[in-house]
Amino acid sequence: MSLITAKDTRVATALGLLFVIGSVIMTVKEMYWFLLIPFVGLFIYLALFRLDKLLLSIAFLAPLSVNVEIPKLGFALFLPTEPLMILVLALFVIKNLFEGGMDLRLFRHPITLLILLQLAWILFTSVTSTMPMVSFKFLVARLWFLTSFYFLGVELFKSEKNIRSFLWLAIFGMTAVIIYTVVRHYLHNFEEQPAHWVMSPFFKDHTSYGAILSMLFPVLLGMTIVNRGSAQLKYLQVVLVLIFLVGIILSYTRAAWLSLIAAGGVYLAIYLRINYKVILSVALTVFGLLFAFQDQIIMKLEKNNQDSSGDFTEHVQSMTNISTDASNLERLNRWSAAFRMFADKPIVGFGPGTYQFQYAPYQHPNEKTIISTNNADMGNAHSEYFGPLSEQGLLGSLLVLAIVIASIASGVYTYYRLPEGQLKVIVLCVTLGLVTYWTHGFLNNFLDTDKASVLVWGFTAIIVVAQTFFVPESSSTTNSES
């Protein structure tokens, strides 16, 4: 029996006709915003009655969002995703004020405790900030990212089906961007310079584009390998893997390539079940050798004058060029400025989000490059670690490191203890995805964008959910698996 009555049909038809008539009138008057009303209505309905579907929709839309300046508000928003996350944040606050209902087990997890401590420190350093308005905007943006894909993400991902849907929707959204980018790149004969901007307006430049590609690639590869579906589905997944490979190669993003190598190294260590003490000892030895021979290493690097190039071999060689490559030199310039800012305000920093407005006086003339600027229009500290150091002091940077270590360690711990199955592979892959991002984070920072935040906090939430709700209580491992 149909649930749709004749009255419902008449009402829907009348509303449809009214919208068509209104659209014609508003288009003639060049008031195009009227055409967005059905979409606004749909998203409000989802927010009120199907919040899980709204969150999944944001996962798909994040790679396709566009950064739009809003002069009247004095800042920019990623549309349509950030307004949707603002709506989610508002509903989250209202629901918890009047109903509560958050799973308390979430608040006992070390990652949640670290995130809450970081939010508290961001709030404190916003109060002490040299630019409080900028810092509080930074804090609010961080809140809607975390609310949507960490705190609510934990509830969403209690269903394995939702985990898979989230990952596939993010992959499909990114696939559309790759195809768009490759077509535009083709129209410019696949030259290296256009590769820096052909992904606009969806991505500001090739570095953020490459970061998201490298985050999703291990997930796509893992889910393709464990696919138990039809041959047609397997074929589609293999095609997607090839599309992502083309996107990664043609992104000309050296940091993305390095991050995938790092993820491969971590996978090898997990596969071989190498004891973490061995890994830590090797890492400390390598850092010790780098520090001991830093002068000789720098002298060697300064002899490399290979700039970025359309030739892939030369482009790889340019990674270590700190004598003539403007991109590498500018990154060093930004880092040096960040350390000088930290030296001036080591406890509370200049305030969250303020680096780009404050770093100009801390540049040394002999370190500036042809792409240096004194205006607040050329990005930030190019590091997820050095940016907080200058903006939030030593504790701000240490909290980032603590979250990185805790999330990756939890991912590895959970992977070893989960029973065989798709979820075990997914946890491994999102952990490797986080490895790519946090490795990339040494050279760039994108956590103030929806594209990176949706994945970083979503991947982290998947690990927390798997560890808290899916690891068997009786699970145990030997020391060799720790």
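Residues numbered from 1 in each chain as written. Predicted model: local features only at pLDDT ≥ 70, side-chain atom pairs only at ≥ 80, totals over all residues. Heavy atoms only, no water.

(A) Spotlight on the overall build of the chain. Looking only at helices and strands, one finds 18 helices and two strands in the chain. Residues classed as buried in the chain amount to 45% of the 482 residues present. Accessible area of the chain: about 24,100 Å², with a carbon and sulfur share of 69%. (Helix = DSSP H or I, 4+ residues; strand = E, 2+ residues; numbered from the N terminus. Buried < 20%, exposed > 50% of the residue type's maximum accessible area, 1.4 Å probe, protein only. Areas by Shrake-Rupley, 256 points an atom, 1.4 Å probe, with all protein chains shown as cover.)

(B) Layout of the pattern of salt bridges. This model, assessed by the stated rule, comprises five salt bridges. For the salt bridge of Asp52 with Arg50, the shortest nitrogen-to-oxygen distance reads 3.6 Å. The class of Asp52 is partly exposed, set by a relative accessible area of 25%. For Arg340, the salt bridge is made with Glu367, and the minimal N-O distance between the two is 2.9 Å. Placement of the pair is Arg340 in helix H14 (residues 326–344) and Glu367 in the loop between helix H15 (355–358) and helix H16 (386–417), with a sequence separation of 27 residues. (Salt bridge = Lys/Arg side-chain N within 4 Å of Asp/Glu carboxyl O.)

(C) A look at the side chain of Ser407. With respect to the secondary-structure elements, Ser407 resides in helix H16. Polar contacts involving the side chain of Ser407 include one to the main-chain carbonyl oxygen of Ile403, which spans 2.9 Å. When sequence neighbours within four positions are dropped, the list of residues in contact with Ser407 reads Ile111, Leu434, Trp438, Thr460 and Ile463. (Polar contact = N/O pair within 3.5 Å; in protein donor to acceptor, adjacent residues only side chain to side chain. Contact = heavy atoms within 4.5 Å.)

(D) Examining unusual backbone geometry more closely. In the segment running from Leu79 into Pro80, the intervening peptide bond is cis, with an omega of 5°. Mapping Pro80 onto the fold places it in the loop between strand E2 (75–79) and helix H4 (81–98). The step from Ser200 to Pro201 runs through a cis peptide bond, and the omega angle for that step is 10°. When you line up the elements, Pro201 lands in the loop between helix H7 (160–187) and helix H8 (206–225). The phi dihedral of His382 is positive, around 60°, even though this residue is not glycine. Secondary-structure assignment places His382 in the loop between H15 and H16.

(E) Structural view of the nonpolar core. Counting 102 residues, the largest nonpolar core has Tyr150, Phe166, Leu167, Trp457 and Phe459 as its most contacted members. It is helix H18 (residues 450–470) that contributes the most residues to this core, twelve residues altogether. Dropping the residues within four chain positions of it, Tyr150 is found in contact with Leu106, Ile111, Thr112, Ile115, Phe145, Trp457, Thr460, Ala461 and Val464. Listed in part, the eight residues of the second largest apolar core include Ala337, Ala338, Tyr355 and Ala381. (Core = buried A, V, L, I, M, F, W, Y, C linked by side-chain atoms within 4.5 Å.)

(F) Broad picture of a nonpolar patch on the surface. A surface patch of nonpolar side chains, about 760 Å² in accessible area, is lined by Tyr267, Leu268, Tyr271, Leu272, Ile274, Val278, Ile279 and Val282. Breaking the nonpolar patch down by element, the ones donating at least two residues are helix H10 (254–271) and helix H11 (276–292). The topology assignment puts Tyr267 in helix H10. (Patch = residues over 30% accessible without salt bridge, like charges linked within 9 Å, V, L, I, M, F, W, Y side chains within 5 Å.)

(G) Representation of the packing of aromatic side chains within the structure. Scanning all chains against the criterion turns up 20 aromatic pairs. Between the aromatic rings of Tyr355 and Tyr359, the centroid separation amounts to 4.8 Å while the plane-to-plane angle is 0°, which identifies the pairing as stacked. A residue is classified by how much of its surface remains accessible, and Tyr355, at 0% relative accessible area, is buried. When the centroid spacing of 5.3 Å and the interplanar angle of 80° are considered together, the rings of Tyr437 and Trp438 count as edge-to-face. A single burial state applies to Tyr437 and to Trp438, both of which are buried. One aromatic cluster in this structure is built from Phe92, Phe107, Tyr150 and Phe151. Directly above the aromatic system of Tyr415 lies the positively charged group of Lys424, at a separation of 4.4 Å from the ring centroid. The lysine or arginine in question, Lys451, covers the ring of Phe203, its NZ or CZ lying 4.7 Å from the ring centre. (Phe/Tyr/Trp six-rings, centres within 6.5 Å; stacked < 30°, edge-to-face > 60°. Lys NZ or Arg CZ within 6 Å of the ring centre and 35° of its normal.)

(H) Spotlight on the packing of helix H5 (residues 110–127) against H16. Following both chains from N to C, one finds H5 and H16 inclined at 160°, their axes separated by 10 Å at the closest point. For the element pair H5 / H16, the angle class is roughly antiparallel. In the crossing of H5 with H16, the sense of the turn from one axis to the other is left-handed. Along its contact with H5, which presents Ile111, Leu114, Ile115, Leu117, Gln118, Trp121, Ile122 and Thr125, the element H16 presents Gln392, Leu395, Gly396, Leu399, Val400, Ala402, Ile403, Ala406, Ser407 and Ser410. (Axes fitted to C-alpha atoms, helices over the stretch in contact; angles between N-to-C directions. Parallel < 35°, antiparallel > 145°, perpendicular 65-115°, else oblique. Left-handed = near helix turned anticlockwise from the far one by under 90°.)

(I) Highlighting the confidence of the model for the chain. Looking at the chain as a whole, the pLDDT averages 83, with 79% of positions reaching at least 70. Taking the mean pLDDT of every element in the chain, the minimum, 49, falls on helix H12 (residues 294–302) and the maximum, 97, on H5. Under a pLDDT of 50 for its full length, residues 476–482 has, in the predicted model, eleven contacts with residues more than four places off or in other chains. (pLDDT = per-residue confidence, 0-100.)

(J) Spotlight on the packing of H5 against helix H6 (residues 132–156). Following both chains from N to C, one finds H5 and H6 inclined at 165°, their axes separated by 8 Å at the closest point. Regarding the angle of H5 to H6, the classification is roughly antiparallel. In the packing of H5 onto H6, the handedness of the crossing is left-handed. Counting all contacts with H5, which are made through Ile111, Thr112, Ile115, Leu116, Gln118, Leu119, Ile122, Leu123, Ser126 and Val127, the residues of H6 involved are Pro132, Ser135, Phe136, Phe138, Leu139, Arg142, Leu143, Leu146, Tyr150 and Phe151.

(K) Geometry of H6. End to end, H6 covers 34 Å across 25 residues, agreeing with the expected 36 Å (1.5 Å per residue, within 8%). Within H6, the axis deviates most sharply at Thr147, by approximately 45°. (Expected span 1.5 Å × (residues − 1). Bend = angle between axes of the 7 residues up to and from the residue.)

(L) Examining the environment of Leu143 more closely. Looking at the element boundaries, Leu143 is found in helix H6. Among the residues examined, Leu143 registers a relative accessible area of 30% and is labelled partly exposed. In this structure, the C-alpha to C-alpha distance between Leu143 and Leu89, residues 54 residues apart in sequence, is 7.5 Å. Leaving out residues up to four positions away in the same chain, Leu143 has contacts with Leu89 and Leu119.

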